[in-house]
Amino acid sequence: MKELKERIIHDGIVIDNRILKVDSFLNQQLDPALICHIGTEFARRFSDTPIDRIVTIESSGIAVAYAAALAMKNIPVVFARKKMPSHAMENTYHTSVYSYTKEETYEVAISKQFLPAGESVLIIDDFLASGEAALGLASLLQEAQCNVAGIGIVIEKSFQPGCQRLQEAGYRVEALAQIEKFENDRPVFNQAKS
Ligand code: G4P
């Protein structure tokens, strides 16, 4: 997605050739027009697939999932919570996710009432790195007997194993910007793919 890649080049900050900070338009401050275009692009890419709802994970996935859901004619969006009151846990699907970037394990949970069995569900997230978050969401969906219609990612770090792990598990992954590597603290995009 050209607009997104241009924005990453213009406003993204690369730290230690490892982490791309996009706080000015995606991870803290949001650019509503860009987020809206991201949602439209997800809707276009998955227009060949029936989708009943979108699932994401708090916090940064929510805005893009919302934009995609609106573009898909207002289907419901559900976000997995990282903190759930302990009394509410028994009516949830939940699993542990290890964050390589943050070096911590956290629990993600979704209330069972928001994942009706038999639906086709699209997973959306802002970054794909190790793939732990998306695999965790996919396992919740399997437990809920939902079909994973695909996985939509705003920024994929292709030099990390996430995309390959998801594809090997049989999931379709659509990433709007794919970063092949960082060089001199600048992103190099995989031009052939995104
Ligand atoms: P995963 O997201 O594929 O599971 O990989 P990883 O375990 O490495 O990522 C853990 C967290 O770090 C995720 O955020 C992910 O979005 C974020 N992350 C990974 N690489 C980058 C990067 O280069 N730049 C930025 N800005 N974030 C990165 P999270 O824990 O879900 O947090 P939240 O921001 O969504 O609340």
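Structure's up top.
Trainee: Describe the site of the ligand, and please don't skip the residues or the numbers.
Mentor: The environment of the ligand is made up of 23 residues, and the closest members are Leu20, Thr101, Ala129, Gly131 and Ala133. Here an oxygen atom of the ligand sits 2.8 Å away from a polar atom, N or O, in the main chain of Ala129. In the complex, 91% of the free accessible area of the ligand, which totals 700 Å², lies under the protein chains. Elements with a contribution of two residues or more to the shell around the ligand: strand S2 (19-21), strand S5 (92-99), strand S7 (120-128) and helix H5 (132-143).

Trainee: Could you give an account of the sheet that holds strand S3 (residues 53-57), with specific residues and numbers?
Mentor: Read from one edge of the open sheet, six strands run S4-S3-S7-S8-S9-S10, paired in mixed fashion. Single-partner strands in this sheet number two, and they are strand S4 (77-80) and strand S10 (186-189). Between one strand axis and the next, the sheet turns by 30 degrees as a mean value, whatever way the strands run. When S7 meets strand S8 (residues 147-157), the two strands line up parallel, connected through eight bridges. Within S8, the position partnered with Ile123 by the bridge is Ile151. Of the strands in this sheet, S7, S8 and strand S9 (173-183) are in contact with helix H3 (residues 32-45), which crosses S9 at around 120 degrees. Sitting on the sheet, H5 is in contact with S3, S4, S7 and S8, with an inclination near 165 degrees to S7.

Calculation notes
- Residues numbered from 1 in each chain as written.
- Predicted model: local features only at pLDDT ≥ 70, side-chain atom pairs only at ≥ 80, totals over all residues.
- Heavy atoms only, no water.
- Near = heavy atom within 4 Å.
- Polar contact = N/O pair within 3.5 Å; in protein donor to acceptor, adjacent residues only side chain to side chain.
- Areas by Shrake-Rupley, 256 points an atom, 1.4 Å probe, with all protein chains shown as cover.
- Helix = DSSP H or I, 4+ residues; strand = E, 2+ residues; numbered from the N terminus.
- Pairing = 2+ DSSP bridges.
- Axes fitted to C-alpha atoms, helices over the stretch in contact; angles between N-to-C directions.
- Contact = heavy atoms within 4.5 Å.

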